[in-house]
Amino acid sequence: SAISSSDIEKLQVLGHGNGGTVYKVRHKKTSQVYALKVVHADTDDSLVRRQVFREMDILRRTDSPYIVKCHGIYEKASGDIAILMEYMDLGTLDTLLQKQGTFSEAKLAHVARQVLNGLNYLHNHKIIHRDIKPSNLLVKNGMEVKIADFGVSKIMYRTLDACNSYVGTCAYMSPERFDPDTYGGNYNGYAADIWSLGLTLLELYLGYFPFLTPGQRPDWATLMCAICFGDPPSLPENASEKFQSFIECCLQKESSKRWTAEQLLSHPFLCKDPRSEK
Ligand code: ATP
Ligand code: MG
């Protein structure tokens, strides 16, 4: 049954995104806890409002255990918009990295499997996320990982659609989104999400963003040059061969050579070793 916005009480601020604030809230009748993303009407930035509507549209269409659930959408007469979502008690992979340090290969395989299931679902529904990164992957109940933040996502109404506009976080953008002529042979927008996933996993393993040295301040021009003209980043030699191969499959500069979410789901890195199962 629908949850009325008057039955929701705010508990605390969970974080600020660009244009909105996310609160931890409680449904008074059931005591169930949710996250509520509020974008104020006085946000004069029409882009931000467009992004919220896009996010609402996608959350309404999706239903997967690997994508954050939407429990209600509220539009007040004042123009404020709010999205009631499932509460992810451990926050983002970005905060987990800061709190708990770098991730082991086993943990990353677990993360990758869940994000790929989410991406496979989205891509099968013709949705490109376009902003996969540690701070847009939410965690709950130990290590359940879900994709969030559909503000800049794209629904592909036609099969091939030029969607290489500058949206999303530049740092995680794939080579073909900067330079589709060189790296986008047989351009397919879905592959951009796989590139971003590869960078995300690498960052969680290394503890820093792979295109920058630890502590280096990101700047747009340096990053773009590194992404387009440099070799793709790779793992250090002490990482397992399976993991190295997996990252290579994600970080092919030529988008048509990159594996799809479905292909990656059966990569040996993700296949559980039957001997390790008790
Ligand atoms: P960024 O540009 O870093 O992606 P954003 O504008 O996309 O920011 P929001 O999606 O608005 O960020 O979320 C802001 C913060 O609120 C997140 O970083 C996260 O810490 C927290 N948050 C968002 N959704 C939830 C949720 N469902 N459960 C728990 N915390 C959440
Ligand atoms: Mg975010």
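Remember, it's a predicted structure, so these values are computed and weren't measured experimentally.

Another point: the site of ligand 1. Around ligand 1, 22 residues are found, and the nearest of them are Gly15, Gly17, Val22, Ala35 and Met88. Elements with a minimum of two residues in the shell around ligand 1: β1 (8-16), β2 (20-27), β3 (33-39), β5 (81-86) and β6 (91-92). Of the residues forming the shell around ligand 1, the biggest block, three residues, is contributed by β1. A breakdown of the residues in the shell around ligand 1 according to their chemical character gives nine nonpolar, 10 polar and three charged.

What follows covers the nonpolar core. When a protein is soluble and globular, its nonpolar side chains tend to lie buried together. Within the largest apolar cluster, 64 residues are counted, with the highest numbers of intra-cluster contacts made by Leu108, Val115, Leu201 and Ile247. If one sorts the elements of this core by residue count, helix α6 (residues 190-206) sits on top with 11 residues.

Right, let's talk about the sheet that holds β2 for a bit. Spatial strand order, β1-β2-β3-β5-β4: five strands in an open sheet with antiparallel pairing. Strands with a single pairing partner mark the edges of an open sheet, and in this sheet they are β1 and β4 (70-75). Across the sheet, the mean angle separating the axes of adjacent strands is 25° when strand polarity is ignored. Strand direction decides the pairing type here: β2 and β3, joined by seven bridges, are antiparallel. Bridge assignment links Thr21 to a residue of β3, and that residue is Val38. Helix-sheet contacts for helix α1 (residues 46-61) involve β3, β4 and β5, and the interaxial angle to β5 is about 40°.

When β1 meets β2, the two strands line up antiparallel, connected through seven bridges. Looking across to β2, one finds that His16 is bridged to Thr21. The antiparallel pairing of β2 with β3 creates a hairpin that spans five residues between the two strands, and Ser31 there sits at a positive phi of about 65°.

The subject of this paragraph is the confidence of the model for the protein. This prediction gives the protein a mean pLDDT of 86; 87% of its residues lie at or above 70. Predicted confidence is poor over residues 158-166, with pLDDT under 50, and the contacts of this stretch with residues over four places away or in other chains come to nine contacts.

So, how was this worked out
- Residues numbered from 1 in each chain as written.
- Chains lettered and ligands numbered in written order.
- Predicted model: local features only at pLDDT ≥ 70, side-chain atom pairs only at ≥ 80, totals over all residues.
- Near = placed C-beta within 6 Å.
- Helix = DSSP H or I, 4+ residues; strand = E, 2+ residues; numbered from the N terminus.
- Nonpolar A, V, L, I, M, F, W, Y, C, P; charged D, E, K, R; others polar.
- Core = buried A, V, L, I, M, F, W, Y, C linked by C-beta atoms within 7 Å.
- Buried ≥ 20, exposed ≤ 12 C-beta atoms within 10 Å, placed from the backbone.
- Pairing = 2+ DSSP bridges.
- Axes fitted to C-alpha atoms, helices over the stretch in contact; angles between N-to-C directions.
- Contact = placed C-beta atoms within 7 Å.
- pLDDT = per-residue confidence, 0-100.

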